[in-house]
Amino acid sequence: MTPSEQAALEKRQRAHVMFTWSAQQSARPVSIVGGQGARFTDHAGDDWLDFESQVFNANLGHGENRITEAIARQARELACAHPAAMFEAKAALGEAIARVTPGDLNHVFLCLSGAEANENAYKIARQVTGRQKVIARRRSYHGATMGALSLTGDNRRWATEPGLWGVLRAEDPYCYRCPFGLEHPACGTRCATHIEHIIQMEGPESIAAIFLEGMTGTAGAFVPPPDYWPTVRAICDRYGILLVADEVLSGFGRTGAWFAVDHFGVVPDMMVMAKGITGGYAPLAAVAMRDHVAEHFADSTLWCGLTGYAHPISCAAGVAAISVYEADGLIAHTAKMGRHLAARLADLKAKHPIIGDARNLGLLGALDFVADRETRAPLIAYAAPTPPGSFLARLDTELRARRMHICRKWTQLFIAPPLVIDQATLDEGLDHIDAALTAASGAA
Ligand SMILES: Cc1ncc(COP(=O)(O)O)c(C=O)c1O
């Protein structure tokens with residue numbers, strides 16, 4: 001496509017289709033015609049390295065024919081079905097999710113987005129426990145619908161407040177900037193234990209569930225300390241509160257395990273999943289629930305449903321995607337790439353004083369930029385816009401010039417390429433980040 005054809009395409013799109021999460025005039029879209037593995041191609045024919053996986057979604061990379069073929073087959077055979085209808089891909093999807101999730105998460109309620117799945121987990125928790133309130137974390141994201149945004153702790157919630165009543169806030173396992181000013185393990189994992197205090201002060205019999213991202217995603221890529229999840233599990237058990245793991249971003253291999261909670265040996269009562277469930281090839285999400293949760297609905301109505309429930313094409317995409325993870329050993333591969341990433345991030349931190357913290361689990365990582373390494377003062381305030389001409393603005397420009405598709409929010413640069421990435425390509429991207437950091441730091 002010539003530059004003028006590209007400009008015409010952008011003009012047509014801008015005329016009628018809104019951009020998400022941005023003032024329309026400032027949105028700078030990357031065009032995309034297709035891709036292969038960890039790279040995609042724009043309309044000018046430039047190849048981009050996808051270090052954000054199309055919003056932490058394309059775990060299986062671009063151009064995965066085993067999924068597109070399954071979608072095409074399903075579309076030919078059966079593309080439209082009643083939400084309650086029986087068909088092969090739906091049964092196979094339920095079996096596949098039960099197989100890869102831990103413990104007795106044997107039952108699924110299907111949705112089309114992560115937000116919808118959180119909404120439904122919220123409703124299910126209220127129906128099962130008969131309780132109203134929930135606990136969610138301060139630096140968290142659970143989706144953009146009203147209920148999911150009410151769970152969300154980070155600033156994406158602010159513009160649409162007030163949200164749902166009854167969401168209580170817990171602090172985060174953000175060890176680099178501990179909200180209690182403590183150090184693990186001497187802290188006794190206060191970020192987990194203080195949840196019990198919240199419960200006692202609010203009335204345990206009023207709290208239905210605790211919603212936690214398996215590993216915090218776009219609110220910071222925090223790796224929880226090893227005893228965090230088991231401590232919260234034990235608190236939930238003491239008070240009959242349901243533990244809900246939101247694995248929308250951290251699930252399906254992203255952290256080097258099927259689900260982030262698997263690193264900690266914890267089985268939540270419900271697990272919310274989306275994104276990697278099809279690798280972004282079709283919209284699909286699920287609330288997986290344990291036997292004891294599903295049993296509640298044996299003779300009580302499940303007051304949840306949607307027209308697009310278990311859409312045949314989404315089900316077929318999910319079945320195909322899960323079989324690709326399994327056939328290609330992608331979970332073990334991601335764990336291996338994650339170890340390499342950890343070493344490379346440590347090197348970057350040693351070289352660039354502007355990096356205060358470098359952290360990752362599997363292929364979910366972040367560089368956290370500071371004004372001062374000693375005080376750990378963030379480079380810009382939480383939720384502040386990027387100052388024009390600043391290091392962060394220059395970094396964005398340098399990364400874009402190197403055709404790096406990557407997510408930065410405030411002081412955090414996220415590293416989350418497709419799990420299919422090989423070590424050479426991972427290094428290529430990290431070399432670009434290294435060069436961009438040097439260029440952005442060196443400029444006036
Ligand atoms: C942890 C988490 N939960 C929920 C969501 C919402 O998913 P969706 O955008 O599919 O509604 C996201 C999206 O980024 C997420 O990261």
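Residues numbered from 1 in each chain as written. Predicted model: local features only at pLDDT ≥ 70, side-chain atom pairs only at ≥ 80, totals over all residues.

Draft legend 1. View of the overall build of the chain. When its secondary structure is counted, the chain shows 13 helices and 16 strands. Relative to the 2.2 N^0.38 estimate, which gives 22 Å for 444 residues, the radius of gyration of the chain is 22 Å and therefore close to what a compact globule would have. C-alpha atoms of the chain, sized along the principal axes, occupy 65 × 60 × 40 Å. For the chain, with 444 residues in total, the buried portion stands at 47%. (Helix = DSSP H or I, 4+ residues; strand = E, 2+ residues; numbered from the N terminus. Rg over C-alpha atoms; globule rule 2.2 N^0.38 Å. Buried ≥ 20, exposed ≤ 12 C-beta atoms within 10 Å, placed from the backbone.)

Draft legend 2. Representation of the site of the ligand. Of all residues adjacent to the ligand, which total 14 residues, the nearest are S113, G114, A115, G143 and V248. Top contributing element to the shell around the ligand by residue count: helix α5 (residues 114–129), with 3 residues. Taken together, the residues of the shell around the ligand sort by class into 5 nonpolar, 7 polar and 2 charged. (Near = placed C-beta within 6 Å. Nonpolar A, V, L, I, M, F, W, Y, C, P; charged D, E, K, R; others polar.)

Draft legend 3. Seen up close, the packing of helix α11 (residues 330–351) against helix α13 (residues 423–442). Look at α11 against α13: their axes get within 11 Å of each other, and the N-to-C directions meet at 20°. When the interaxial angle is binned, α11 and α13 end up roughly parallel. Two packed elements cross with a definite hand, and for α11 against α13 that hand is right-handed. Residues M337, H340, L341, R344 and L348 of α11 lie in contact with α13, whose contacting residues are Q423, L426, L430, I433 and D434. (Axes fitted to C-alpha atoms, helices over the stretch in contact; angles between N-to-C directions. Parallel < 35°, antiparallel > 145°, perpendicular 65-115°, else oblique. Left-handed = near helix turned anticlockwise from the far one by under 90°. Contact = placed C-beta atoms within 7 Å.)

Draft legend 4. Layout of the pairing of strand β8 (residues 242–246). The buried fraction of β8 amounts to 5 of the 5 residues, a majority that puts the element mostly inside the structure. Burial of β8 is two-sided: the residues L242, V244 and D246 facing one way and the residues L243 and A245 facing the other way are all buried. By the bridge criterion, 5 bridges tie strand β7 (residues 207–213) to β8 in an arrangement that is parallel. Across the sheet, the residue bridging to I210 is L243, located in β8. Viewed along the sheet, the connection from β7 through helix α8 (residues 228–239) into β8 turns out right-handed. Summarising the sheet, β8 and strand β9 (residues 270–273) pair through 3 bridges and their orientation is parallel. The partner of V244 across the bridge, within β9, is M270. (Pairing = 2+ DSSP bridges. Right-handed = clockwise from strand over helix to strand, strands pointing away.)

Draft legend 5. Quick look at the confidence of the model for the chain. Here the chain averages 97 in pLDDT, and 100% of its residues register 70 or above. Mean pLDDT per element in the chain: helix α1 (residues 3–16) is the minimum at 91, and β8 is the maximum at 99. (pLDDT = per-residue confidence, 0-100.)

Draft legend 6. Quick peek at the nonpolar core. In this structure, V134, I210, V244, M270, A286 and V287 are the most contacted members of the largest nonpolar core, which totals 124 residues. Looking at this core, the element that brings in the most residues is helix α10 (residues 312–327), giving 9 residues. Taken domain by domain, this core gets at least three of its residues from each of domain 1 (31–63 + 329–442) and domain 2 (65–327). Ignoring any residue separated from it by four or fewer positions in sequence, one finds M270 in contact with A121, I124, L242, V244, V287, A288, M289 and V293. (Core = buried A, V, L, I, M, F, W, Y, C linked by C-beta atoms within 7 Å. Domains from an automatic or database assignment.)

Draft legend 7. Quick peek at unusual backbone geometry. In the segment running from E161 into P162, the intervening peptide bond is cis, with an omega of 0°. Turning to its location among the elements, P162 is positioned in the loop between α6 (146–151) and β6 (167–170). A cis amide bond, omega 5°, links H184 with the succeeding residue P185. Relative to the helices and strands, P185 resides in the loop between β6 and α7 (190–202).

Draft legend 8. Quick peek at α13. In a regular helix each residue adds 1.5 Å, so 20 residues correspond to 28 Å; α13 covers 28 Å between its end C-alpha atoms and thus fits that length. Every buried residue of α13 is accounted for by L426, G429, I433, A436, L437 and A440. Buried residues of α13 fall within an arc of 105° about the axis and therefore sit on the same side. Opposite the packed face of α13, turned more than 90 degrees from it, sit the exposed residues A424, D431 and G442. Buried positions along α13 lie against β3 (47–50), α11, α12 (391–401) and β14 (404–405). (Expected span 1.5 Å × (residues − 1). Arc of directions from axis to C-beta.)

Draft legend 9. Molecular detail of the pairing of strand β4 (residues 107–111). Most of β4 sits inside the fold, with 4 of its 5 residues counted as buried. Judged from the 5 bridges that link them, β4 and strand β10 (residues 285–289) form a sheet pairing that is antiparallel. By the bridge assignment, C111 is partnered in β10 with A285.

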